[in-house]
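Okay, here's what each chain looks like letter by letter:
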Amino acid sequence: MGKRTTTIIASSLLPWLLSMVVMVARAEDPYLIFTWNVSYGTRAPLGIPQQVILINGQFPGPNLNTTTNNNIIINVFNNLDEPLSGIQQRKNSWHDGTAGTMCPIQPGTNFTYRFQVKDQIGSFYYYPSLGLQKASGGFGGLRVNSRLLIPVPFADPEDDYTVLIGDWYSKSHVELRKQLDSGKTLGKPKGVLMNGRQGKVGDDSEEPLFTMEPGKTYRYRICNVGLRNSLNFRIQGHNMKLVEMEGSHTQQAFYASLDIHLGQCYSVLVTADKEPMDYYMVASTRFTKYHLQATGRIRYTNGKGSASPVLPEAPVSWAWSLNQFRTFRWNLTASAARPNPQGSYKYGQINITRTIKLANTDGTVDGKLRYAINGASHVDTETPLKLAEYYNIAEKVFKYDTIQDVPPGPESNQIKLGPVVLNATFRNFVEIIFENHEKGVQSWHLDGYSFFPVAIEVGQWTPEKRKNYNLLDTVSRHTIQVYPKSWAAILLTFDNAGMWQIRSESLERAYLGQQLYVSVVSPERSLRDEYNMPEWALTCGFVKGLPKPAPYV
């Protein structure tokens, strides 16, 4: 492919999430139309046959290759025996793909997503968001290329490759779900996959995942689509030039390896400037007592040598990882989806109007494991929260602000179950502090927004810590890690009206309650701020059969 082509492939899943922001389809830009058939199949990613989720017969699912402002139409046929769901939107949380925003696609039915990759560029991925389905597959890469009239801060690569890495269990998502529902943790994964394969070091019969021509430069988009672990990614004998991260161009710097946390996507350039032979890509677990890894071959065209069985080692501490995070910088002069430079948005000069501190905890409720935020463990509702709010029946489904902006003290160890929804004021500039008092690394994602992670530090956050914030060139993104006994601060403007999820990217933790929703309502109920509920949107629960409220104008 390479050189900014615009082809897309189709797929089908339940509620889907895309790690990006998109808008409802607009008529003035090109359309790309796809059909996705979602089904079960049998594959052996770890050498043992197991049930996986396929999209158009593929595991992982097909890559979606788009260009800024393309209108995308995907007709999803759910051939599974359980519901599916959605895709993340700008001004349009109706199709955000979470249980809080849309009704699931029922078995044996189809649903058509219509959205626009508006004002976005970069590297992302999609996956099914209900009932641990991601643990069986249904994920794939998604790239949004820049329009030809927008300059990109590096030469067009010879080709463009997607690398999906993640830990993997040998049990199906149904079995894993039963395990969590019984009160047990998922425990240690069985392996790590790279594009659906574990790889075999020293097996010269193994086909390469990618090929490179000597002297040429290639783009690799690496996403951690796993369930539990941060992973370190490296390429034998090659340095990687980081150029983009979750939709933002970065200041370009070379790295021998990159820590990629759950839900994160990095884009690097690699030049084929070594001896023509095979080389291994390696993805291995970080911050664990166990070591799991996946490998994949890169083959130089006309190469004559086998890959060395001696693999490059990963770093050993999370302090190294924290220091690497601090080297990432926003490219202030590069254009993203629009001609104006990224740095024209002066986020560091905006006054903070609200500070929200979110602390993750774990505990038991009725003898079963639960995870919580500020003492509350989220429970999904039959009626999606967004629909309940839109139809003015929220009081039948949930209460706002069941948690405070400050976590309860250490003496309060009780976990409350129920839907968790924070009220946010439209267009307020807010500060969110993620506090991690546990021993493991956390990874957090916010739907519908990119934010500025201005600091990650060890210890307790206090207002005095603001003097250490990077208020100039931190990389705008939508996922951030928090190291053990540490905190992370992000800044953003709540200017995207809708119902948006903040969640742990650990599938186990999110499933067992470490998530919440932020309700951002425009007081003007105007199409300028939010699109109307689409005519084709599914309804369920209390709103099934109710007349729609008056549309926005």
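Everything discussed here concerns the structure shown above.
We now turn to the structure provided with this report.

Cut-offs and rules
Residues numbered from 1 in each chain as written. Predicted model: local features only at pLDDT ≥ 70, side-chain atom pairs only at ≥ 80, totals over all residues. Heavy atoms only, no water. Helix = DSSP H or I, 4+ residues; strand = E, 2+ residues; numbered from the N terminus. Contact = heavy atoms within 4.5 Å. Phe/Tyr/Trp six-rings, centres within 6.5 Å; stacked < 30°, edge-to-face > 60°. Lys NZ or Arg CZ within 6 Å of the ring centre and 35° of its normal. 1 Å grid on protein atoms, 1.4 Å probe; cavity = no way out; pocket = protein on both sides within 12 Å on 5 of 7 lines; lining within 4 Å. Points joined across faces, edges and corners; volume = space filled by probe spheres on them. Disulfide = S-S within 2.5 Å. Buried < 20%, exposed > 50% of the residue type's maximum accessible area, 1.4 Å probe, protein only.

1. Here's the deal with the side chain of R509
Structurally, R509 can be placed in helix α4 (residues 507–511). If we skip the residues at most four places from it in the chain, R509 touches N360, T361, Y371, E438, Q442, S504 and Q514.

2. Digging into the packing of aromatic side chains
Per the stated rule, a full pass over the model turns up 25 aromatic pairs. Here the aromatic cluster, defined as three or more aromatic residues joined through ring pairs, consists of W94, Y390, Y391 and Y552. Over the ring of W536 we find R114; its NZ or CZ atom is 4.2 Å from the centre of that ring. Looking at K134, its charged tip hangs above the ring of Y127, at a distance of 4.4 Å from the centre.

3. Topic: empty space enclosed by the protein
Summed over the entire model, instances satisfying the criterion amount to four cavities of 30 Å³ or more. The wall of the second largest cavity is formed by 15 residues, among which F139, G166, W168, L193 and V225 lie closest to the centre. Ranked by residues supplied to the lining of the second largest cavity, first place goes to strand β9 (residues 160–168) with five residues.

4. So, the state of the cysteines
A covalent bond between the sulfur atoms of two cysteines is what we call a disulfide. Counted by the stated rule, this structure contains two disulfides. With a sulfur-sulfur separation of 2.1 Å, C103 is cross-linked through a disulfide to C540. What sets the handedness of the C103 and C540 disulfide is the S-S torsion sign, and at about -90 degrees it is left-handed. One end of the pair, C103, is in the loop between β5 (71–78) and β6 (110–116); the other, C540, is in the segment after β31 (515–521), and 437 residues separate them in sequence. Among the residues examined, C103 registers a relative accessible area of 2% and is labelled buried. C540 sits in the buried class, given a relative accessible area of 15%. Across the disulfide, C223 is cross-linked to C265 (sulfur-sulfur distance 2.1 Å). Where C223 bonds to C265 through sulfur, the torsion about that S-S bond is close to 115 degrees, and the disulfide is right-handed.

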